[in-house]
Amino acid sequence: MRRLTALPVSLLAALIGVVWPLHAPGQPVLGVADAVAGIVGHVRWPGGARAVQLCVSNTSLHAADLARLHEEVPPGRLLPVRTLPAGAELPGGCDAIYLGSGPGAEAALPRLAGLPVVTIGEGAAFCSRGGMFCLVPRGSTPGVRLELNLDIVARSGLKVHPQVLRLGLPRAEGSGS
């Protein structure tokens, strides 16, 4: 599995500003909601441009912030966020799903394999287990870095902006986060 890693959210933010300007210049490190908006804003689904349905697991620590995300992006780009109850079956109609972290988040991944659905989770293990985009805490420094699973992106049929794919360095198999 090939993955890109070490994409600071600040670099993704430079790309986000072109698609969904969320914050004024000089604001602090971007949070998870900004990273999710940037990811979703740089993906194209089969069938052309349309509003995107983001679904969020209510078990995520970031569920409340993500639930308000549609209010921060330009009108018509993101539908109101759907919250998914813990342990519920994944509903149809989700273009992107934020699953958070842990075994419950990863359990949904096999059902989404090969579908044009963006899967976003927390921690490097999420990508190793079939997630598409992983937000990994940067440790002692604020913010997160982005990892992505290129194999899963390729199998999904989604088009991800080349700048997102080029940023970061290839990660060697078996290396830690």
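Placed above this text is the structure.
The paragraphs below set out a description of the structure included in this document. If you're wondering where the values come from, they're calculated on a predicted model, not measured in any experiment. (Residues numbered from 1 in each chain as written. Predicted model: local features only at pLDDT ≥ 70, side-chain atom pairs only at ≥ 80, totals over all residues. Heavy atoms only, no water.)

## Things to note about the state of the cysteines
Quick note on the threshold: Our working definition of a disulfide is a cysteine sulfur pair at a distance within 2.5 Å. Counting from the N terminus, the helices are the DSSP runs of H or I reaching at least four residues and the strands are the DSSP runs of E reaching at least two. Classification of residues uses two cut-offs on accessible area relative to the type maximum, computed with a 1.4 Å probe and protein chains only: under 20% is buried, over 50% is exposed, and between them is partly exposed.
Applying the stated rule across the entire model yields two disulfides. Covalent S-S linkage joins Cys55 and Cys94, the inter-sulfur distance amounting to 1.9 Å. Between Cys55 and Cys94, the S-S dihedral sits near -85°, and the bridge is therefore left-handed. Pair noted here: Cys55 is in strand β3 (residues 54-57) and Cys94 is in the loop between β4 (82-84) and β5 (96-100), with a separation of 39 residues, a long-range link. Judged by relative accessible area, Cys94 falls into the buried class, the value being 7%. Between the sulfur atoms of Cys127 and its disulfide partner Cys134 the distance amounts to 2.0 Å. Since a negative S-S torsion denotes a left-handed disulfide, the Cys127-Cys134 link at about 125° is right-handed.

## Describing the pattern of salt bridges
Any two side chains of opposite charge can pair, given that their charged atoms come close. Just so we agree on the cut-off: We define a salt bridge as a contact between a side-chain nitrogen of Lys or Arg and a carboxyl oxygen of Asp or Glu at a distance within 4 Å.
Taken as a whole, this structure holds four salt bridges when the rule is applied. With a shortest N-O distance of 2.8 Å, Asp65 and Arg68 are connected by a salt bridge. On the basis of relative accessible area, Arg68 is assigned to the partly exposed category, the value being 40%. Between Glu106 and Arg129 there is a salt bridge whose closest N-O contact spans 3.2 Å. Here Glu106, found in helix α4 (residues 103-107), pairs with Arg129, found in the loop between α6 (124-128) and β7 (133-137); they are 23 residues apart in sequence, far enough to count as distant.

## Some words on the pairing of β3
What counts, and what does not: Here, strands pair whenever DSSP counts at least two bridges between them.
With burial as the criterion, each face of β3 is covered, one bearing Leu54 and Val56 and the other bearing Cys55 and Ser57. Relative to β5, β3 is paired through three bridges, and the arrangement is parallel. Bridge pairing in β5 links Cys55 to Ile97. Note: β3 against β4, three bridges, orientation parallel. From the neighbouring strand, Cys55 faces β4, where its bridge partner is Arg82.

## Structural notes on the pairing of β7
With respect to burial, β7 is a largely interior element, four of its five residues being buried. Pairing between strand β6 (residues 118-122) and β7: three bridges, direction parallel. For Glu122, the partnering residue across the bridge sits in β7 and is Leu135. Pairing analysis gives five bridges linking β7 to strand β8 (residues 144-149), with the strands arranged antiparallel. Bridging from a neighbouring strand, Leu135 pairs with Leu146 of β8.

## Remarks on the side chain of Glu106
Where we set the bar: Contact between two residues is taken to exist if any of their heavy atoms lie within 4.5 Å; hydrogens are not considered.
Given a relative accessible area of 16%, Glu106 falls into the buried group. Residues in contact with Glu106, not counting those within four places in the same chain, are Ala125, Phe126 and Arg129.

## Comments concerning the side chain of Thr119
Worth spelling out the cut-off: Here a polar contact is taken to be a pair of N or O atoms separated by no more than 3.5 Å, where protein atoms must pair a possible hydrogen donor with a possible acceptor and residues adjacent in sequence count only if both atoms sit in side chains.
Looking at the secondary structure, you find Thr119 in strand β6. Its relative accessible area of 3% is what places Thr119 among the buried residues. Here Met132 takes part through its backbone nitrogen, which lies 2.8 Å from a polar atom of the side chain of Thr119. The residues contacting Thr119, other than those within four sequence positions of it, are Ile97, Leu109, Leu112, Phe126, Gly130, Gly131, Met132 and Phe133.

## Considerations on the nonpolar core
Condition: In this text, buried Ala, Val, Leu, Ile, Met, Phe, Trp, Tyr and Cys residues form a nonpolar core when linked through side-chain atoms within 4.5 Å.
Within the largest apolar cluster, 34 residues are counted, with the highest numbers of intra-cluster contacts made by Val36, Leu69, Val118, Ile120, Phe133 and Leu135. Looking at this core, the elements with two or more residues in it are α2 (32-41), β3, α3 (63-67), β5, β6, β7, β8 and α7 (150-156). It is α2 that provides the largest number of residues to this core, a total of seven residues. Residues Ile97, Ala105, Leu109 and Cys127 belong to the second largest nonpolar core, which totals 15 residues.

Without other data, these values stay purely geometric and don't point to any function.
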